[in-house]
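Chains, contacts and geometry: an overview
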Amino acid sequence: MPRYMLTFISHDDWWEKQTEESLKTALAPLMSWWDELVQNGVVKSGEELAPQRTATTVRRVNGSMKVTDGPFIESKESVGGYAIIDVPDLDKAIAVAKSWPGGDVEVRPVVEH
Amino acid sequence: MRSLGDFDVAEEAVQDSLVAALEHWPRDGIPANPGAWLMTTARRKGIDRLRRETRYREKVAQLEETPMATSSMPDERLELIFTCCHPALAREAQLALTLRSVAGLTTAEIARAFLQSEATIAQRLVRAKRKIVDAKIPFRVPEGHELPDRVSEVLAVLYLMFNEGYLATGARGAMDRDLASEAEWLTSLLARLMPDEPEVLGLLALMRFNLARADARFDADGELVLLRDQDRAKWDRPKIDETFLLVGRFVRMRSPGVYQLQALIAGAHADAKSWETTRWPEILRSYDSLLMYGDTPVVRLNRAIALWHVYGPTAALADVDALAAELSGYHLFHATRAELLRALGRAADARAADERALELTENPAERALLARRLARRSR
């Protein structure tokens with residue numbers, strides 16, 4: 001079956017503003033979404049990423065690799081995590097993305113070599 | 001599920017068999033099971049040359065009138081429409097793809113209709129088809145809870161296609177009406193394939209009411225004529241009567257929606273002997289219902305005209321003025337205000353509003369109309 005990568009978009013501002021308690025409440029539906037889809041075999045793999053402020057970018061500058069602080073593209077929104085899913089077609093992948101209880105989701109097919 | 005590269009194959013099969021039908025039916029008559037016949041017959045012949053001929057349309061129209069016998073061979077045109085109008089494709093790609101693959105327009109014809117280069121359209125089509133294949137957009141009619149959203153996506157494409165042809169004026173001239181009738185034809189095909197979808201019938205009725213008035217929309221000099229001033233003798237009466245049969249069908253389904261409501265409004269206009277004797281309270285009720293589906297400033301602006309004829313210009317002007325913040329950059333906002341101000345005897349204010357409308361109008365036919373209105377008032 002074709003695989004798709006769901007990229008979960010997160011707003012770092014929002015995350016940083018949460019208290020430990022409110023974060024727990026906010027994360028609960030995301031966690032149960034994840035558990036359910038891993039269990040029924042739709043989500044094959046995936047991870048949650050630490051916020052943008054932890055990012056380091058290694059850029060090729062004049063042929064050599066230069067280490068810089070910060071993400072590749074500075075933005076209010078960034079990749080907060082991803083999941084590799086295994087579904088028959090784009091409609092199903094979109095249905096899975098729609099069921100995500102968090103924010104925006106980008107859906108892209110994985111190239112099978 | 002069908003294999004994923006089916007799109008091109010189905011597109012060609014549908015078109016080729018229509019061409020074959022053209023060649024055979026005049027000689028052999030329409031077969032007992034035309035739907036199945038079409039899908040089993042696929043011959044490659046001079047498609048581009050043939051499919052634009054009138055006979056093609058006549059035969060397809062005849063086919064639409066013939067009841068489809070049940071058949072194990074599915075009619076894949078519906079799958080094709082839903083794939084072309086998939087929400088994962090950009091609106092402009094949906095439009096081009098539907099015109100190319102379902103309506104059978106050539107790339108050159110689509111380019112002319114959208115005032116774009118053939119290369120641009122060709123590239124748009126290639127990209128869209130590549131996305132269908134690479135992202136694995138399925139070639140099927142969506143099911144269950146997916147269906148309503150997907151039907152409205154298809155209808156949005158057809159509605160836009162129609163408006164592109166019907167409302168755009170000037171540079172494109174006669175080409176425009178072609179695009180509108182293309183959209184009407186596609187919608188009638190959809191109505192034939194999905195006879196139980198009230199919104200499909202609603203959109204079809206809306207288009208047909210508008211097309212029935214098309215001949216009265218421009219005067220002998222090619223100038224735009226507003227509905228109020230149109231010569232109603234030029235309206236296509238038989239077409240209007242026929243369209244009311246469609247209205248009857250969707251009304252009986254008791255499942256209203258935005259296109260049905262707009263069709264009811266267009267129908268009330270089409271049915272009226274004059275602007276003055278129009279059933280305004282009925283139109284106002286339809287607008288009130290439309291607001292429940294989406295309270296947008298443009299719907300409110302249109303509703304104000306009905307409000308004027310039911311409750312008078314003062315009430316209507318108050319409603320229109322409340323839209324100033326959202327619509328002050330929209331020429332029809334100022335043109336409508338001008339009408340209402342004039343009805344209230346505030347000539348100077350009306351003139352100022354008309355001038356503002358003229359400044360904001362780009363459409364040449366509308367510009368001409370506003371300029372004429374201003375010239376007349378200053379005499």
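Higher on the page you've got the structure.
The following refers to the structure shown. For clarity, every value in this text was computed on a predicted model and none was experimentally measured.

1. Some remarks on the overall build of chain B
Within chain B, the secondary structure is distributed over 20 helices and 0 strands. Looking at chain B residue by residue over its 379 residues, the buried ones come to 37%. The long-range share in chain B, meaning contacts at least 24 apart out of those at least 6 apart in sequence, stands at 62%.

2. Re the nonpolar core
Residue and element names in this part refer to chain B. Formed by 89 residues in total, the largest nonpolar core has its most connected members in Val-154 and Leu-158. Tallying contributions element by element places helix α11 (residues 198–212) first for this core, with 10 residues. Ignoring sequence-local partners within four residues, the contact set of Leu-158 consists of Ala-183, Leu-186, Thr-187 and Leu-203.

3. Considerations on the sheet that holds strand β2 (residues 43–48) of chain A
Strand pairs in the sheet, formed through backbone hydrogen bonds, run parallel or antiparallel to each other. Residues and elements named next belong to chain A. Here 4 strands make up an open sheet; going across it, the order is β2-β5-β1-β6 and the pairing antiparallel. Each of the sheet's edge strands pairs with one partner strand only, and the pair in question is β2 and β6 (105–109). In this sheet, neighbouring strand axes are inclined to one another by 20° on average, regardless of whether the strands run parallel or antiparallel. Of the strand pairs in this sheet, β2 and strand β5 (residues 77–86) are connected by 5 bridges, and their pairing is antiparallel. Across the sheet, Glu-48 pairs through a bridge with Gly-81, a residue of β5. Helix α3 (residues 90–99) rests against β1 (3–11), β5 and β6 of the sheet, and its axis sits at about 155° to β6.

4. A look at the packing of helix α6 (residues 91–102) of chain B against helix α9 (residues 147–166) of chain B
All names here are of chain B. Interaxial distance between α6 and α9 falls to 10 Å at its minimum, and their mutual angle equals 80°. Taken together, the axes of α6 and α9 are roughly perpendicular relative to one another. Between α6, through Arg-91, Gln-94, Leu-95 and Thr-98, and α9, the contact on the second element is made entirely by Val-157, Leu-160 and Met-161. Across the contact of α6 with α9, the residue classes tally to 4 nonpolar, 2 polar and 1 charged.

5. Observations regarding helix α12 (residues 237–253) of chain B
Residues and elements named next belong to chain B. The end-to-end C-alpha separation of α12 is 25 Å, in line with the 24 Å expected for 17 residues at 1.5 Å each. Among the residues of α12, those classed as buried are Thr-243, Leu-246, Val-247 and Phe-250. In an axial view of α12, the angular spread of the buried residues amounts to 110°, which keeps them on one side of the axis. The outward face of α12, more than 90 degrees from its buried face, is lined by the exposed residues Arg-237, Pro-238, Asp-241, Leu-245, Gly-248 and Arg-252. Packing partners of the buried residues in α12 comprise α11 and α13 (258–271). Once α12 finishes, Arg-254 follows within two positions and takes phi at roughly 50°, a positive value.

6. Some points on unusual backbone geometry
At Asn-62 of chain A, a residue that is not glycine, the phi angle is positive and equals roughly 50°. Overall, Asn-62 of chain A belongs to the exposed group, with 5 C-beta atoms counted inside 10 Å. One non-glycine residue, Leu-115 of chain B, lies in the positive phi region at around 55°. Here Leu-115 of chain B shows up in the loop between α7 (107–113) and α8 (118–134). Here Leu-115 of chain B falls in the exposed class, since 10 other C-beta atoms lie within 10 Å of it.

Conventions used here
- Residues numbered from 1 in each chain as written.
- Chains lettered and ligands numbered in written order.
- Predicted model: local features only at pLDDT ≥ 70, side-chain atom pairs only at ≥ 80, totals over all residues.
- Helix = DSSP H or I, 4+ residues; strand = E, 2+ residues; numbered from the N terminus.
- Buried ≥ 20, exposed ≤ 12 C-beta atoms within 10 Å, placed from the backbone.
- Contact = placed C-beta atoms within 7 Å.
- Core = buried A, V, L, I, M, F, W, Y, C linked by C-beta atoms within 7 Å.
- Pairing = 2+ DSSP bridges.
- Axes fitted to C-alpha atoms, helices over the stretch in contact; angles between N-to-C directions.
- Parallel < 35°, antiparallel > 145°, perpendicular 65-115°, else oblique.
- Nonpolar A, V, L, I, M, F, W, Y, C, P; charged D, E, K, R; others polar.
- Expected span 1.5 Å × (residues − 1).
- Arc of directions from axis to C-beta.

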